[in-house]
Amino acid sequence: MKAPADYAHLEDQFQARIDAEEKIEPKDWMPDKYRKTLIRQISQHAHSEIVGMLPEGNWVTRAPSLRRKVALLAKVQDEAGHGLYLYGAAETLGAERDDLLDELHTGNAKYSSIFNYPTLSWADIGAIGWLVDGAAIMNQVPLCRCSYGPYARAMVRVCKEESFHQRQGYEIMLTLARGTEAQKKMAQDALNRWWWPSLMMFGPNDAESKHTAQSMAWKIKRFTNDELRQRFVDITAPQAEFIGLTIPDEHLKYNEETGHYDFGPINWDEFWQVVSGEGPCNRQRLKARRRAHEEGQWVRDAALAHAEKRRQRQAAKKDQKVA
Amino acid sequence: MTLADAKYQYLLRMGDNALILGHRLSEWCGHGPILEQDIAITNIALDQVGQARSLLQYAAQLEGKGRTEDNLAYKRDVMEYRNVLLVEQPNENFAYTIVRQFLFDAFNFLLHKSLVNSKDEHLKAIAEKSLKEITYHLRYSSEWMIRLGDGTAESHQKIQTALDDLFIYTGELLTPDAVDQTIFEAGIGPDLTALQAPYQAKIDEILQQATLQKPEVKYMQSGGKDGRMHTEYLGYILAELQFVQRAYPNMEW
Ligand SMILES: [Fe+2]
Ligand SMILES: [Fe+2]
């Protein structure tokens, strides 16, 4: 244990490094709270990638063309890869993947609430790519400059793929919006259902957000929730207009004075309901993750047992040679 | 049978095998036993569906009726599908997935090793690209056969059960019919009878390392590739696969 004075000195030095835009690396000294905050954020992010595979995976077997099927499979596989890098980044902070997964399976760890909404039509796959990956990019591009090196580097790889996903999703929406009446209706319905939950992805208003100030000081976060949300609306509103879909917000309007879009109030009751585990699909998502993990136990056990047998056989062979 | 008919049928068979197996594998996406294997299985699914696209595109071109890969995939019913029965068998658990994959990969590998010498330039080009992928698939499924066979008592029992259930579907892989014969005589594809011994040798080699027993099979199930028969599973696969195009016909997606 460090004496309090030493600790304060280390913290000052640490903050000075952050202020100088130096990257913090796994072996460097860091305050416990910084470590804990990062483990929480990175593991939540990893869980979001993995749980996020479920709503989109739901359409893999039903994709409307082989070209779309291949693109969707590749996208969902990318998300699995993101999960893998992120668990890896959390492990550099001393966390164990198994423990983090336990937290998810017991319902103690959070993941992005957006994935607790159902995918009901093919257009939902377009809406997710366009809006959800689009919102993820807003959140993640600043994370490429996050003070923690391994997280920042993981985000650089992730962001490249997310922007590809976003374009792909938008292209699905564009195709539907330019299609038949039935397709256009499908696209509009998807936008109606995914718009508000997408805005909620940025988290509570700044006044309500309990982690923002400290995370900004540590340069884990670079912009506030409301700043990112505004940027998302500003970019997305003209995109909707371009493909002839209507954002379901009667207050949405470009404000000449501010140079931003004004938008209507978010239903925070719904937000907190879903965060607390009572969204439309929370139970199914957790159940699916738990089931995959439990049903995979014998496979993981077998892989370990086999590796151990091989190791022993090789050791025995070596002994024989020596003797 | 004309060579043109045989070629079309041959391409349909290969394309349907790849598509239906890819479909089965894709059912794992997001539900794998561990993240790394979720990614690996999805990767194989991607390869299979990718191969299906090339093969069905070529089949449609050979047919010459202006159909597309999607017309073939989304608008044929069960009795028009030409995949072998093995690939439509359900996942049940990871052991069934691995056994199905291994039994198919061992065949598919030998087939493609021969097809890279095909006199049909287009098929040859497809086979050259696919062979790289299939070589990896066979390595992957062989390794998992061994891991699960020579893992725990539970995994051993599970994979032996899967093998006992699925082995009856291996017969039609290498039993030639008129289509295979015509293709062989034209120098487009292999003599399937010549692949039987190397196929059994590969199976024996891996089962031995996996400490598994080769099932004794009196009667093999067949009928998928010649369109005489399918299992009841295929109808449900197609109901899912074709849903959007059936519910919203004649649209661009
Ligand atoms: Fe992602
Ligand atoms: Fe993504």
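Residues numbered from 1 in each chain as written. Chains lettered and ligands numbered in written order. Predicted model: local features only at pLDDT ≥ 70, side-chain atom pairs only at ≥ 80, totals over all residues. Heavy atoms only, no water.

Looking at an unreviewed UniProt entry, one finds chain B named Phenylacetic acid degradation protein, with Phaeodactylibacter xiamenensis as its source organism.

Looking at an unreviewed UniProt entry, one finds chain A named ATPase AAA, with Phaeodactylibacter xiamenensis as its source organism.

1. Some details on the interface of chain B and chain A
Stated formally: Throughout, a residue-residue contact means that at least one pair of heavy atoms, one from each residue, lies within 4.5 Å. Note on definitions: buried area is the accessible-area loss of two parts on being combined, 1.4 Å probe, summed for both. N or O atoms closer than or at 3.5 Å make up a polar contact, with two conditions inside protein: a donor-capable atom paired with an acceptor-capable one, and, for residues adjacent in sequence, both atoms drawn from side chains. For the purposes of this entry, the term helix denotes a DSSP run of H or I that reaches at least four residues, the term strand denotes a run of E that reaches at least two, and both are numbered from the N terminus.
At the interface, 48 residues of chain B touch 46 residues of chain A. When the two sides are added together, the surface that chain B and chain A hide from each other amounts to roughly 4,000 Å², 70% of it contributed by carbon and sulfur. The largest share of the area that chain B buries against chain A comes from L35, L46 and W253 of chain B, three residues that together contribute 18% of it. Inspection of the region where chain B meets chain A yields 16 residue pairs in polar contact (both at pLDDT 80 or more). Secondary-structure elements contributing two or more residues to the side of chain B that touches chain A are α1 (3–26), α2 (35–63), α3 (69–75), α5 (94–115), α6 (121–149), α7 (153–166), α10 (233–241) and α11 (243–247) of chain B.

2. Focus on the nonpolar core
Rule in force here: Put simply, a nonpolar core is a bunch of buried Ala, Val, Leu, Ile, Met, Phe, Trp, Tyr and Cys residues held in one set by side-chain atoms that sit within 4.5 Å of each other. Exposure classes here rest on a 1.4 Å probe applied to the protein chains alone. A residue is buried below 20% of its type maximum, exposed above 50%, and partly exposed in between. What marks off one domain from the next here is an automatic or database domain assignment.
Within the largest apolar cluster, 176 residues are counted, with the highest numbers of intra-cluster contacts made by Y34, W122 and Y148 of chain A together with F94 and L103 of chain B. Summarising the domain contributions, this core has at least three residues from each of domain 1 (4–278) and domain 2 (280–322) of chain A. With residues up to four places along the chain from it excluded, the contact list for F94 of chain B reads W298 and V299 of chain A together with W28, P33, Q37, I41, Y140, W144 and L148 of chain B.

3. Points about the coordination of the iron ion (ligand 2)
Residues and elements named next belong to chain A. Where we set the bar: Counted as donors are N, O and S atoms no farther than 2.8 Å from the metal, or 3.2 Å for Na, K and Ca; water is not among the atoms, and sites may therefore look incomplete. In these descriptions, tetrahedral denotes four donors with every angle between 85 and 135 degrees, square planar four donors and octahedral six donors with opposite donors over 155 degrees apart and the rest between 65 and 115, and irregular any other case.
Within the protein, E79 (OE), D133 (OD), E162 (OE) and H165 (ND1) serve as the donor atoms for the iron ion (ligand 2), at 1.9 to 2.3 Å. Around the iron ion (ligand 2) sit four donor atoms; with metal-centred angles ranging over 90 to 150°, the donor geometry is irregular. Along the chain, the residues donating to the iron ion (ligand 2) are arranged with the sequence spacing E-x53-D-x28-E-x2-H. For the pair the iron ion (ligand 2) and the iron ion (ligand 1), the metal-to-metal distance amounts to 3.5 Å, and E79 bridges them. Remark: E162 occurs in helix α6 (residues 149–177) and E79 occurs in helix α3 (residues 66–91); sequence separation between them is 83 residues. Accessibility classification places E79 together with E162 in one group, the buried group.

4. So, the domain arrangement of chain A
Residue and element names in this part refer to chain A. The condition that has to hold: One side-chain nitrogen of Lys or Arg within 4 Å of one carboxyl oxygen of Asp or Glu is enough to make a salt bridge. Lys, Arg, Asp and Glu make up the charged group, whereas Ala, Val, Leu, Ile, Met, Phe, Trp, Tyr, Cys and Pro make up the nonpolar group; the residues left over, Gly among them, are polar.
Its domain assignment divides chain A into domain 1 (4–278) and domain 2 (280–322). The largest per-residue losses of area from domain 1 upon contact with domain 2 belong to L54, H105 and N116, which jointly make up 43% of the total buried on that side. Seen at the junction of domain 1 and domain 2, the total is one salt bridge. We note a salt bridge from R283 to E278, for which the minimum N-O separation is 3.1 Å. On the surface where domain 1 and domain 2 come into contact, there are six residue pairs in polar contact (both at pLDDT 80 or more). The set of elements that each furnish at least two residues to the side of domain 1 that touches domain 2 consists of α2 (32–57), α4 (97–105) and α10 (268–278). The element best represented in the side of domain 1 that touches domain 2 is α2, accounting for four residues. Its residues placed into classes, the side of domain 1 that touches domain 2 shows 11 nonpolar, four polar and one charged.

5. Observations concerning the pattern of salt bridges
For the coordinates displayed, the defined rule picks out 32 salt bridges over all chains. With its nearest N and O atoms 3.0 Å apart, the salt bridge here joins E21 of chain A to R222 of chain A. On the criterion of sequence distance, the pair formed by E21 of chain A in the loop between α1 (4–19) and α2 and R222 of chain A in the loop between α8 (212–217) and α9 (225–242) is long-range, its members being 201 residues apart. With relative accessibility at 17%, the residue R222 of chain A sits in the buried group. One salt bridge in this structure joins D150 of chain B and K309 of chain A, with 3.0 Å as the shortest N-O distance. In this pair, D150 of chain B sits in the loop between α6 and α7 while K309 of chain A sits in helix α12 (residues 297–322), so the two residues belong to two different chains. Residue D150 of chain B is classed as buried on the basis of its relative accessible area of 7%.

6. Brief notes about the coordination of the iron ion (ligand 1)
Within the protein, the iron ion (ligand 1) binds to E49 of chain A (OE), E79 of chain A (OE), H82 of chain A (ND1) and E162 of chain A (OE); these donor distances fall in the range 2.0 to 2.2 Å. Here the iron ion (ligand 1) is ringed by four donor atoms whose angles at the metal span 85 to 144°, and the overall shape comes out irregular.

7. Structural notes on the packing of aromatic side chains
Residue and element names in this part refer to chain A. What counts, and what does not: Geometry of aromatic contacts follows a simple scheme: Phe, Tyr and Trp rings, the Trp one being its six-membered ring, pair when their centres are within 6.5 Å, and the pair is stacked under 30 degrees between planes, edge-to-face over 60, tilted otherwise.
The full count for this structure, using the stated rule, is 17 aromatic pairs over all chains. Their ring planes at 25° and their centres at 5.9 Å tell us that W195 and F232 sit as a pair that is stacked. Of the two residues, W195 is situated in helix α7 (residues 181–200) and F232 in helix α9; the sequence distance between them amounts to 37 residues. Through successive ring pairs, a cluster of aromatic residues spans Y7, F14, W29, Y34 and W218.

8. Here we look at empty space enclosed by the protein
Stated formally: Here a cavity denotes grid points, spaced 1 Å and computed from the protein atoms alone, that fit a 1.4 Å probe unable to get out, and a pocket denotes an open set having protein on both sides within 12 Å along at least 5 of 7 lines; residues with an atom within 4 Å of a point are the lining. Grid points are joined across faces, edges and corners, and a volume is the space filled by probe spheres set on the points.
All told, the structure shown has two cavities of 30 Å³ or more when counted by the stated rule. Within this model, the largest cavity holds a volume of roughly 200 Å³. In terms of lining, the largest cavity is formed by 19 residues, of which the most central are R13, M14, N17, F107 and L111 of chain B. Listing elements by their share of the lining of the largest cavity, those giving two or more residues are α1, α2 and α5 of chain B. Residues that form the lining of the largest cavity fall into these classes: 10 nonpolar, five polar and four charged. If you add up the space inside the second largest cavity, you get close to 70 Å³. Taken together, E56, R68, A71, L72, K75, W122, I125, G129, H165, Q168, G169 and I172 of chain A form the lining of the second largest cavity.

9. So, the environment of W29 of chain A
Residue and element names in this part refer to chain A. When you line up the elements, W29 lands in the loop between α1 and α2. Between the C-alpha atom of W29 and that of F14, which follows or precedes it by 15 residues, the distance is 7.6 Å. Those residues in contact with W29 that lie beyond four places of it in its chain are Y7, L10, E11 and F14.

10. Some thoughts on unusual backbone geometry
Residues and elements named next belong to chain A. The phi torsion at E21 lies on the positive side, around 65°, for a residue other than glycine. The exposure class assigned to E21 is partly exposed, which follows from its relative accessible area of 41%. Positive phi is not limited to glycine here, since K219 has a value of about 55°. The residue K219 is located in the loop between α8 and α9 in this model.

11. Focus: the environment of V99 of chain B
Residues and elements named next belong to chain B. Turning to its location among the elements, V99 is positioned in helix α5. Between the C-alpha atom of V99 and that of Y219, which follows or precedes it by 120 residues, the distance is 19 Å. When near neighbours in sequence (up to four residues on either side) are disregarded, V99 contacts M145, I159, A162, L163 and L166.

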